[in-house]
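# Secondary and tertiary structure notes
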Amino acid sequence: LARAIDQDELALHYQPVVDLHTGAVAGFEALSRWHHPQLGLLGADAFVPVAESYGLSRPLTDWVLRRACTQLASWQADVLVTPEFRVAVNISVDEMDGDGIVGHVARAVETAGVDPRGLVVEIAETRRVDGLADAIRTIDGLHELGVGVAVDNFGSPDAAFPLLCTLPVDELKLDRHLVSETTHPAGRALVGTLIRFGRELGTRVVAEGVETSDQAALLRSMGCAEGQGFLWAPALPVAEAERHLSAVIHAASPCRGVV
Ligand code: C2E
Ligand code: CA
Ligand code: CA
């Protein structure tokens, strides 16, 4: 994996995040893939946990930051996206060490010449209750750079709820397991409550793992701002992501509301 990072065998695929009210693509989440010479295309679950347990989180994140910032800078320069259009990257919890990660993000932003307003760093909820001070320092540092912060997998069974969500973040990403529970009254009540919680804090709420139009309609009716999931598109290679972007822009231009 260390060699693969050096030799550029990794790629970022981009999954659209859709405005539930207008149908516009509000941003992409960048998800790592590995073009393995023997095993073919590997998804993130096949190698990100390995990176984390072998001390390779930092080189992986550095590569992801460089690649995502360069890509977003080029979309911004080509005016393919507005300055508000977001690209989100994932970092591992073990990187929430305050100044370190902030410095790495700052360097990636500066080197790529990207408008930092478009960059979002996603931090996953975990059971770890230590390191909260580090998390606050990291969030403050990223905000000083003009970079947004999202809490990933909000409400997941693995989360130390309510921990990270009480911090001053810009976005809460509702865990996809919660979204799949909206077929039951209790699941719907919980999702509705979490959406209201986010709205009351003025935090953007994004639902993950949206697979059906019924789920999208329900989430929209509950006040959820944005959604992401196979209903719209999986994570796409760059060329397809760009095609998706222009297709949605063209479909949405005469009248809005194409969900
Ligand atoms: P995540 O951050 O929660 O990313 C969402 C995952 O859900 C992605 O899997 C995505 O392909 C998948 N997904 C999206 N829409 C749907 C849907 O409608 N239904 C279902 N069932 N799944 C959906 P992926 O790409 O395999 O990534 C898995 C996890 O690996 C990510 O979960 C994230 O925690 C981690 N990961 C991915 N890329 C990176 C990275 O560059 N760095 C780090 N540190 N972690 C990464
Ligand atoms: Ca994520
Ligand atoms: Ca997630």
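## Observations regarding the overall build of the chain
From N to C terminus, the chain includes nine helices and nine strands. In the chain, which comprises 259 residues, the proportion classed as buried is 50%. Once local pairs closer than 6 in sequence are excluded, the contacts in the chain between residues at least 24 apart make up 69%. Summed over its atoms, the accessible surface of the chain is roughly 12000 Å², and 55% of this surface lies on carbon and sulfur atoms.

## Some points on the packing of aromatic side chains
Think of a pair of aromatic rings as described by two things: how far the centres are apart, and how the planes are tilted against each other in angle. Counted by the stated rule, this structure contains six aromatic pairs. Seen in terms of ring centroids, Phe-28 and Phe-85 are 5.4 Å apart; in terms of plane orientation they differ by 80 degrees. Their pairing is edge-to-face. Highlighted residues: Phe-28 in strand S2 (residues 25–36) and Phe-85 in the loop between helix H3 (57–77) and strand S4 (86–91), separated in sequence by 57 residues. Consider the rings of Phe-154 and Phe-197, whose centres lie 6.0 Å apart with planes at 25 degrees: the pair is stacked.

## Observations concerning empty space enclosed by the protein
On inspection of all chains with the given rule, the structure shows two cavities of 30 Å³ or more. Quantified by volume, the second largest cavity comes out at close to 60 Å³. If you trace the second largest cavity, you find it lined by Val-17, Gly-27, Phe-28, Glu-29, Arg-86, Ala-88, Val-120, Glu-122, Glu-171, Lys-173 and Gln-228. Of all the secondary-structure elements, those providing two or more residues to the lining of the second largest cavity are S2, S4, strand S5 (119–124) and strand S7 (171–174). Top contributing element to the lining of the second largest cavity by residue count: S2, with three residues. Across the lining of the second largest cavity, the residue classes break down as four nonpolar, two polar and five charged.

## Quick look at the coordination of the calcium ion (ligand 3)
Around a metal, the perfect tetrahedron of four donors has angles of 109.5 degrees, and the perfect octahedron of six donors has angles of 90 or 180 degrees. Of the protein atoms, only Asp-152 (OD), Asn-153 (OD1), Glu-208 (OE) and Glu-208 (OE) coordinate the calcium ion (ligand 3), at distances of 2.2 to 2.5 Å. Taken in chain order, the donor set of the calcium ion (ligand 3) reads D-N-x54-E. Between the two metal centres, the calcium ion (ligand 3) and the calcium ion (ligand 2), the spacing is 3.9 Å, with Asp-152 acting as a shared donor. In this pair, Asp-152 sits in strand S6 (residues 148–154) while Glu-208 sits in the loop between strand S8 (204–207) and helix H8 (213–221), placing the two residues 56 residues apart along the sequence. Per residue, the accessibility class of Asp-152 equals that of Glu-208, and both read buried.

## Let's talk about the coordination of the calcium ion (ligand 2)
Here the calcium ion (ligand 2) is held by the protein donor atoms Glu-29 (OE), Asn-90 (OD1), Glu-122 (OE) and Asp-152 (OD), which lie 2.1 to 2.3 Å from it. Look at where the donors of the calcium ion (ligand 2) fall in the sequence and you get E-x60-N-x31-E-x29-D. Residue classification places Glu-29 among the buried positions, given a relative accessible area of 4%.

Thresholds applied
- Residues numbered from 1 in each chain as written.
- Chains lettered and ligands numbered in written order.
- Predicted model: local features only at pLDDT ≥ 70, side-chain atom pairs only at ≥ 80, totals over all residues.
- Heavy atoms only, no water.
- Helix = DSSP H or I, 4+ residues; strand = E, 2+ residues; numbered from the N terminus.
- Buried < 20%, exposed > 50% of the residue type's maximum accessible area, 1.4 Å probe, protein only.
- Contact = heavy atoms within 4.5 Å.
- Areas by Shrake-Rupley, 256 points an atom, 1.4 Å probe, with all protein chains shown as cover.
- Phe/Tyr/Trp six-rings, centres within 6.5 Å; stacked < 30°, edge-to-face > 60°.
- 1 Å grid on protein atoms, 1.4 Å probe; cavity = no way out; pocket = protein on both sides within 12 Å on 5 of 7 lines; lining within 4 Å.
- Points joined across faces, edges and corners; volume = space filled by probe spheres on them.
- Nonpolar A, V, L, I, M, F, W, Y, C, P; charged D, E, K, R; others polar.
- Donors = N, O, S within 2.8 Å, 3.2 Å for Na, K, Ca; no water.

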